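Now for the letters of each chain:
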Amino acid sequence: MAIEELVRSLREIVGDRYVLVEKEDVIVYEQDGSIFQVMPEIVALPGDVEQVAAVVKAAQSANVPIVPRGSGTGLAGGAVPAEGGVILSLTRLNRILKIDLENHIAVVEPGVINLDVTKAIAKDGFFYAPDPSSQAACSIGGNVANNSGGPHTLAYGVTTNHVLGVEVVLDDGSITWLGGEVPDTPGYDLRGVFVGSEGTLGIVTKIAVRLMRARESVRTLLAIFDQMDHATQTVVDITAAGIIPAALEIMDRTTIEAVERGAPVGFPRDAEAVLIVEVEGLSEHAERAIGLAREICQRDGAREVKLAADEAERQRLWKGRKGAFGAMGALAPNYYVQDGVVPRSKLPEMMRRIAEISQRFNLRIANVFHAGDGNLHPNILFDMRSPGELERVIDAGAATLRACIELGGSITGEHGIGLEKKAYIGLLFSETDLEAMARVRRAFDPDNRFNPAKLFPTPASCGEIRLQPGHIPAGLWI
Amino acid sequence: MQADKTQEHATPQGIAALDLPELYQCVHCGLCLNQCPTYRALQLEPESPRGRIHLVKAAAEGRIELNERFAEHLYLCLLCRACESACPSGVQYGHIAEAAREQLGPPGSELGRAVLNFVFTQMLPYRNRLRFAFALLRLYQRSGLQRIARLFLPKKLAEMEQLLPAIPSRFFKPHAGIAPAIGARRARIAMLDGCVMPLLFGSVNNATVRVLQRNGCDVIFPSQQSCCGALNVHNGETTAAKQMARRNIDAFLDADVEAVIVNAAGCGATMKEYGHLLRDDPDYRDKAERFSARVKDAGEFLADLGLVGELHPVEMTVTYQDPCHLVHGQRIRNQPRKLLQAIPGLKLVEMEGADRCCGSAGIYNLTHSGMSQHLLKEKMQSIAATGSEAIVAPNPGCMLQLRSGASRFGPDLKVYHLMDLLDRAYRQAD
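What counts and how
Residues numbered from 1 in each chain as written. Chains lettered and ligands numbered in written order. Predicted model: local features only at pLDDT ≥ 70, side-chain atom pairs only at ≥ 80, totals over all residues. Helix = DSSP H or I, 4+ residues; strand = E, 2+ residues; numbered from the N terminus. Contact = placed C-beta atoms within 7 Å. Nonpolar A, V, L, I, M, F, W, Y, C, P; charged D, E, K, R; others polar. Pairing = 2+ DSSP bridges. Axes fitted to C-alpha atoms, helices over the stretch in contact; angles between N-to-C directions. Left-handed = near helix turned anticlockwise from the far one by under 90°. Core = buried A, V, L, I, M, F, W, Y, C linked by C-beta atoms within 7 Å. Buried ≥ 20, exposed ≤ 12 C-beta atoms within 10 Å, placed from the backbone. Domains from an automatic or database assignment. pLDDT = per-residue confidence, 0-100.

**Student:** I would appreciate a short explanation of the environment of Phe-36 of chain A in the present structure.
**Tutor:** Tracing the sequence through the fold places Phe-36 of chain A in the loop between α2 (23–26) and β2 (42–44). Residues Phe-36 of chain A and Pro-81 of chain A, spaced 45 residues apart in sequence, show a C-alpha to C-alpha distance of 9.9 Å.

**Student:** What should I look at first to understand the interface of chain A and chain B in this one?
**Tutor:** Many authors give the size of an interface as the accessible area that is lost as the parts come together. Contact residues are listed per partner, giving 41 residues for chain A and 33 residues for chain B. Secondary-structure elements contributing two or more residues to the side of chain A that touches chain B are α2, α9 (253–262) and β16 (334–337) of chain A. Top element by residues in the side of chain A that touches chain B is α2 of chain A. It accounts for 3 residues. Split by residue class, the side of chain A that touches chain B holds 18 nonpolar, 16 polar and 7 charged.

**Student:** Where do I start with the sheet that holds strand β3 (residues 217–220) of chain B in this structure?
**Tutor:** Neighbouring strands of a sheet are bound in pairs by backbone hydrogen bonds; such pairs are parallel or else antiparallel. All names here are of chain B. Pairing is mixed across the open sheet formed by 5 strands, whose spatial order is β1-β3-β2-β4-β5. The two strands at the open ends of the sheet, each matched to only one other strand, are β1 (178–179) and β5 (295–297). As paired elements, β1 and β3 share 2 bridges and run antiparallel to each other. Following the sheet pairing, Ala-179 is matched in β3 by Val-219. Those strands touched by helix α18 (residues 298–305) are β2 (187–191), β4 (259–262) and β5, and its axis lies near 85 degrees from that of β5.

**Student:** Before we go on, may I ask you to explain the packing of helix α8 (residues 228–240) of chain A against helix α10 (residues 283–299) of chain A in this structure?
**Tutor:** Packed helices, taken two at a time, are described by the angle between their axes plus the distance between the axes. All names here are of chain A. Across the interface, α8 lies against α10 with an axial gap of 9 Å and an inter-helix angle of 140 degrees. Once α8 is placed against α10, the crossing between them reads as right-handed. Side by side, α8 and α10 meet where Thr-234, Asp-237 and Ile-238 of the first sit next to Ala-293, Ile-296 and Cys-297 of the second. Considered class by class, the residues forming the contact of α8 with α10 number 4 nonpolar, 1 polar and 1 charged.

**Student:** Would you mind showing me how to read the packing of α18 of chain B against helix α20 (residues 334–341) of chain B here?
**Tutor:** Residue and element names in this part refer to chain B. In the contact formed by α18 and α20, the axes pass within 8 Å of each other and the chain directions differ by 65 degrees. Classified by chirality, the crossing of α20 by α18 is left-handed. When α18 is examined against α20, the residues Gly-299, Glu-300, Leu-302 and Ala-303 are found in contact with a partner set consisting of Gln-335, Pro-336, Lys-338 and Leu-339. Of the residues that constitute the contact of α18 with α20, the class distribution is 4 nonpolar, 2 polar and 2 charged.

**Student:** Quick question: what am I supposed to make of the nonpolar core here?
**Tutor:** The nonpolar side chains of a soluble globular protein tend to be buried with one another. The biggest cluster of nonpolar side chains holds 273 residues, and the ones touching the most others in it are Ala-44, Val-55, Val-209, Ala-223, Val-274, Leu-275 and Met-328 of chain A. In this structure Ala-44 of chain A touches Leu-10, Val-14, Tyr-18, Val-19, Val-55, Val-86 and Leu-88 of chain A, once residues within four positions along its chain are discounted.

**Student:** Hey, could you run me through the sheet that holds strand β8 (residues 390–392) of chain B in this one?
**Tutor:** All names here are of chain B. Strand order across the open sheet formed by 4 strands is β7-β6-β8-β9, with parallel pairing between neighbours. Of all the strands in the sheet, just β7 (346–348) and β9 (414–416) have a single pairing partner and so form its edges. For this sheet, the mean angle separating the axes of adjacent strands, direction not counted, is 35 degrees. In this sheet, β7 lies alongside strand β6 (residues 316–320) in parallel orientation, the contact comprising 3 bridges. Across the sheet, residue Thr-317 finds its bridge partner in β7, namely Lys-347.

**Student:** How should I be thinking about the domain arrangement of chain A in this particular structure?
**Tutor:** Residue and element names in this part refer to chain A. Domain boundaries assigned for chain A yield domain 1 (3–89), domain 2 (96–213), domain 3 (217–327) and domain 4 (332–477). Facing the 19 residues of domain 1 at the interface are 20 residues of domain 4. Contributions of two or more residues to the side of domain 1 that touches domain 4 are made by α3 (49–62) and β3 (66–69). Here the element with the most residues in the side of domain 1 that touches domain 4 is β3; it accounts for 3 residues.

**Student:** What should I look at first to understand the confidence of the model for chain B in this one?
**Tutor:** Low-pLDDT portions of the prediction should not be read for the details of their coordinates. This prediction gives chain B a mean pLDDT of 93; 97% of its residues lie at or above 70. Quick note on the complex model: pTM equals 0.93, ipTM equals 0.92.

**Student:** Could you clarify how one ought to interpret unusual backbone geometry in this entry?
**Tutor:** Trans peptide bonds make up the majority, and among non-glycine residues the majority have a negative phi. Residue and element names in this part refer to chain B. With an omega of -5 degrees, the peptide bond running from Gly-410 to Pro-411 counts as cis. For Pro-411, the position within the fold is in the loop between α23 (396–408) and β9. Positive phi is not limited to glycine here, since Arg-331 has a value of about 55 degrees. Following the sequence through the fold, Arg-331 ends up in the loop between α19 (324–327) and α20.

Here it is, written out as structure tokens:
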């Protein structure tokens, strides 16, 4: 089927307004929250599950790839149409279909914004636990695709721990549920296979999520340090003391500068690191735990420890923390964020290594991380326009990921593999591991139709990411 | 597969005037998306702040042309600047959109553009012409001509005619000398008269002067002042806008005052950014910065000064609509609420999304009535849910829009300026 014919049938399915082909329309879909760009040919925005199924069938007949996209906030290039085809934007499927507080369940469409779920139930004393920093913009569908985490992952786990079931459109256009509204359905946990599959197995069209009761008390403190080492050691000591905080977040001096320049919340600009500690639970427990955390901060060398006096102050701290990535623009035109993981006890060592990498490659690196679970986000700051800089950035990124693996960690905590890290996945998995995963993929998507060129290393790219000369940034991942 | 993509990036001939520093502050995080009224309504990336920034960047790089499609995306934007409040990097989206519109010129069909150009360059800068035009409109409304015309106007024109507000019987006439402070003098200020304010909301201007007087302010109206130029700047006309800015700078900077008070949010936001508008004018750049530093919204100024004098109870339940160019453009969120809460007997009930645009947006309600009405309808629903008796919105555009919303969609509420209610509380104390 020719492209014109495909466009015609897509228009019949979703309506003229929701099929984009003009350059001044589709160009804005060439990039997500990452730095990768590939110009799309067609963007289709279905309005319901039947339309999604019909779009999948149309792409099937035309034999073109389908690239699902939510809010486009992903940081690994997962929604970039690497091999062309149709971008299937799910933003119009944005209804909350059901809220069942008695059974702590909501059923939502994939385009629903993460924070909107919590907003819809907050007045009843409930919340949806996974809280990526982009939660004011990212979609639940995108969270499912990337098995997203967030600051509160430490206490509540990642997205897969909060998804009971998903309705999916398979490669032949059939619609089915995997899992359901009750926990522990028998048989293979195909729901679990879909969560984190980065859009490579099919299109998620409904999600049954678990809702949680808000805790009686939440206490939050901000500890200010003159040395990064002291902040990371404090994290090790807090967990060693048997406190399991809801969140343990560190931001370094450069990140503080970005936040304070972009949308200030009042972090001290002369500190080397700030640590946010949040504890929750029954009032007595939260009170005791925060007191203990405070003592440990002071013992480990915090120059000041401030308890958030009220909810407004707590919200301000989190606004600063959650805006940190977006604030990088206040320091540099581009940033390349890594998503490494190291065992918590290796944090002090890892931070020293990052400082060394920053010096060696002569690049500013802003660190903001989920310290509690050793999930690092070094943001390498650069300017795409200055020649040669991007190459150094790629090399510095590779060096940080290698350091993570050397220290016994992993190359992604929560952002997914996407385009960005597929060259490195071989560092983590053996050929046999990858083949096992590829078999699962083939079982669902034998034609390699869904989000091709993601997640798995392409033959040309086992090893190093290479740049095409004079061409940025689409060639970055080849 | 890569070869064609390489060519994609290789098109030269960018537009240097659009290669703005603000573009490189956006890191594509997307936190603006869900705050954008048009993105919320359509769920289309080209109708989002991030999408529009991407388009302008692509045009600056010469990857796309400034064609009709591009113009549609840039002009569907309300310029509400809610994205600026949401942006963690502090990207000044308004500057980007205004620069793009400057390249495009005013929106609409050829005829529409000609009409707008005429209004921007031949009407707004001249207060007498505006006054005359509004007097004619008033005659049209009161002579019975309106009733006859409505029978014959073509549909599109008839719809626009419906939006024409009732012109009050009296226009505002600024005080010739000083309106003196009542009680101990605390400040000497100059006030912007405005272009539409004195013609449609003369009573608000009068109320503002009285409230300022009661708070110990000597109020003057420099006679050489002009319209602020906001409508021009927002719609791609900058030549006349810069002239108006220079005229205001001259008129107000020489008046020996502590502050320049503005009671229209859109005007205040523009006047606070004269420094940016005149950044390439060596004679006025510094003066503009000094001038802008003195500009204060009436509510902002009074909240900072602190109210004095006895306020009589105003028994009323109201909800507050944040004018976009107050809350996002000037970051003034708490001060007006603080003033409302200072009025005894008055109960303030917050609506859902108070800081979301009502769809007025200058002349947007005329150029994009479909989107404008969609947003207004949603707004009226949020207002209805508060159970309020009245809406407070300290900006003329919002007031007109909400009045038409109240009569069109209900609930049938009164719409006040913040200064109306403060004035009422003071006057009843007499």
